[in-house]
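Residue strings, one per chain:
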Amino acid sequence: MQELAARLGEPAVRIETESGLLQLLRSRKLEAEVVEVLCIFWIAAKEHGYSPAAELAESIVRPSLLSDLLAASLGLSVQVDDTDLKEVPKGFEIPDDFDGVQGVDLPRIFRTSMSGLEAHSGLPFVRQMAFEWAENRATYPDAPYQGDPWHFTRSLGDGLVGQLSARAALRAISAYLRALAVAKKFWNMPSKLTDENSLLALPLHPTLALLRPQRPDWFPASANFDGDTEAIEATFRTLIASVEAVRPGDELISFISPVVISMERCVEVSLVRWSQGLGSSVDDANLAAHLDAFWTRAGMLPSAAAEPISTTTIVAPPTLEQLVDKDCKAWPLAATLDFDRIGYLQHDLYPSRLFFPTMPGLHEVEIAPRDGQLEVKVEDQVVADFSYWNAGWGPARPKQLRGNCGTALISRGKAYREGASSEARSLRAFYLWQMRTLHRSGSFGAFSETLTVGAMFV
């Protein structure tokens, strides 16, 4: 999608690319398919100075609440034809395949959202979505489910997850969008609420959509994370020193990435910087075990946006009291972003890769794209930047690995950790780290997993 968007910004190939994409847009049969193609034009407009063609609005043959938002962000006015919308018949029964695809071909969050709206309003949101699912089956009568993902992953062995988008998911997401349109037209659901819920169907998070994969210069040429805890921490210190050499005065706040990927062995490492005050009742040797829940159950950073499709994400930092562990008096300097405006094509990033500064005590922090990376700003001052890179290629990955990509959050100076505590001079800094090693004896069986954790003071 990014490469096609880039072509729309190149004069030599713009007309040819635009013509092909408009033809593609007119041929789409599902609302979610239309949104995906519109995202290409949207990226081109935001990143490459593309001005939408006059016929773009006329080429949207399957409009939805979400395509309307994207069109409005592009400065287009779309005449919506909703004459084909109808309420679910009273005698309609939810088909078995509707429930069967939930949590398999697509996340359960769409059905869960419908259930929540139904519980709040008493209106048949789930049945409406199921009805739309049954109706759009005829869109692809010969292949309503399209293909077998195991065709791509079976030869790679057991326990792998495919990086594939299923037609069943596009049908279900389209049904979700149509159910919201019915609620707006027939059930008087407020426009603000329908727009807010339609963002769940975004294929790309508007802020993350402009990220470009680029492995940083300081990334280790060889990552030797073998050996005992002392050897592993020596490798981590080398990584941190590499960052400091390239970025003097800046600090590595978080780093999460596979560093070894092969058919027999995979290694994924995670590193997050923490601060610790006085009065800890936990020995340093037991610190990593005490904070182990951070990797799976830590709180997320709540986010919002001034406009539905804004490229700037606004984060409301937690208070220090919410962050600090009362026993060890420590708190993380980075935490993961919440699921607001989540992009369903970007699951490799959610949630484990999206670490941003916690910055307790502040009112708000802005995250915005710039030159393929993300900048973290406080009142127009850039305090950190976020980058990502591809760390593994192929149609699948072991399910224990939380993504086939890596990310890093690096500070701009020390401003990101100032003001969190009145005892700044007495604070200690450490990195909480985790190493996940997957291994199998052959190239087909399931991977076994070993987790190693530690806390490394700096």
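This write-up is about the structure you can find in this document. (Residues numbered from 1 in each chain as written. Predicted model: local features only at pLDDT ≥ 70, side-chain atom pairs only at ≥ 80, totals over all residues. Heavy atoms only, no water.)

Quick look at the packing of aromatic side chains now. Overall, the coordinates contain 19 aromatic pairs when judged by the stated rule. Here the aromatic rings of Phe92 and Phe131 are separated by 5.5 Å at their centres, their planes lie at 85°, and the arrangement is edge-to-face. Of the two residues, Phe92 sits in the loop between helix 4 (65–73) and helix 5 (96–101) while Phe131 sits in helix 7 (residues 125–135), which places them 39 residues apart along the sequence. The same class applies to Phe92 as to Phe131, namely buried. Aromatic side chains Phe225 and Phe236 sit 5.0 Å apart centroid to centroid with 65° between the ring planes, which places their arrangement in the edge-to-face category. You can see Phe225 sitting in the loop between helix 10 (191–198) and helix 11 (229–246) and its partner Phe236 sitting in helix 11, a full 11 residues away along the chain. Just as Phe225 is buried, Phe236 falls in that class too. Here a set of aromatic residues connected by ring pairs shows up, and it is made of Trp274, Phe294, Trp295, Phe355, Phe430 and Phe457. Positioned above the aromatic ring of Tyr140, the side-chain terminus of Arg167 is 3.6 Å from the ring centre. Taking the ring centre of Phe219 as reference, the NZ or CZ of Arg215 above it sits at 4.4 Å. (Phe/Tyr/Trp six-rings, centres within 6.5 Å; stacked < 30°, edge-to-face > 60°. Helix = DSSP H or I, 4+ residues; strand = E, 2+ residues; numbered from the N terminus. Buried < 20%, exposed > 50% of the residue type's maximum accessible area, 1.4 Å probe, protein only. Lys NZ or Arg CZ within 6 Å of the ring centre and 35° of its normal.)

A few words now on the pattern of salt bridges. In this structure the tally under the stated criterion is 22 salt bridges. In this structure, Arg111 engages Asp99 in a salt bridge whose closest nitrogen and oxygen atoms are separated by 3.2 Å. Taken together, the residues span a long stretch of sequence, with Arg111 in helix 6 (residues 109–121) and Asp99 in helix 5 at a distance of 12 residues. A salt bridge links Arg370 to Glu375; the shortest N-O distance between them is 3.6 Å. Judged by relative accessible area, Glu375 falls into the buried class, the value being 11%. Residues participating in the shared-partner salt-bridge network are Arg247, Asp250, Arg370, Glu375, Asp385 and Arg412. (Salt bridge = Lys/Arg side-chain N within 4 Å of Asp/Glu carboxyl O.)

Turning our eyes to something else, we now look at the pairing of strand 9 (residues 365–370). Examined bridge by bridge, strand 5 (residues 313–315) and strand 9 share 3 bridges and lie antiparallel to one another. Counted as the bridge partner of Val315 is Val365 from strand 9. Pairing analysis gives 5 bridges linking strand 9 to strand 10 (residues 373–378), with the strands arranged antiparallel. Residue pairing across strands places Arg370 opposite Gln373, the latter belonging to strand 10. Taken together, strand 9 and the strand that follows it, strand 10, pair antiparallel across an intervening segment of 2 residues, in which Asp371 is found at a positive phi of about 55°. (Pairing = 2+ DSSP bridges.)

Taking 1.5 Å as the rise per residue, helix 6 with 13 residues should run 18 Å; its terminal C-alpha atoms sit 18 Å apart, in good agreement. For helix 6, every residue scored as buried is listed here: Phe110, Ser113, Met114 and Leu117. For helix 6, the arc enclosing every buried residue in end-on projection is 100°, short of the 170-degree limit, so these residues lie on one face. Pointing more than 90 degrees away from the buried face of helix 6 are the exposed residues Thr112 and Ala119. (Expected span 1.5 Å × (residues − 1). Arc of directions from axis to C-beta.)

Once that is clear, we can look at the side chain of Gln276. Note that Gln276 resides in strand 3 (residues 265–276). At a separation of 2.9 Å, a polar atom in the side chain of Gln276 contacts the main-chain carbonyl oxygen of Cys328. When residues no more than four places from it in sequence are discounted, the contact partners of Gln276 are Leu287, Cys328, Lys329, Ala330, Ser426, Leu427, Arg428, Phe430 and Phe457. (Polar contact = N/O pair within 3.5 Å; in protein donor to acceptor, adjacent residues only side chain to side chain. Contact = heavy atoms within 4.5 Å.)

Honestly, that's just the spatial picture; any functional story needs more than this.
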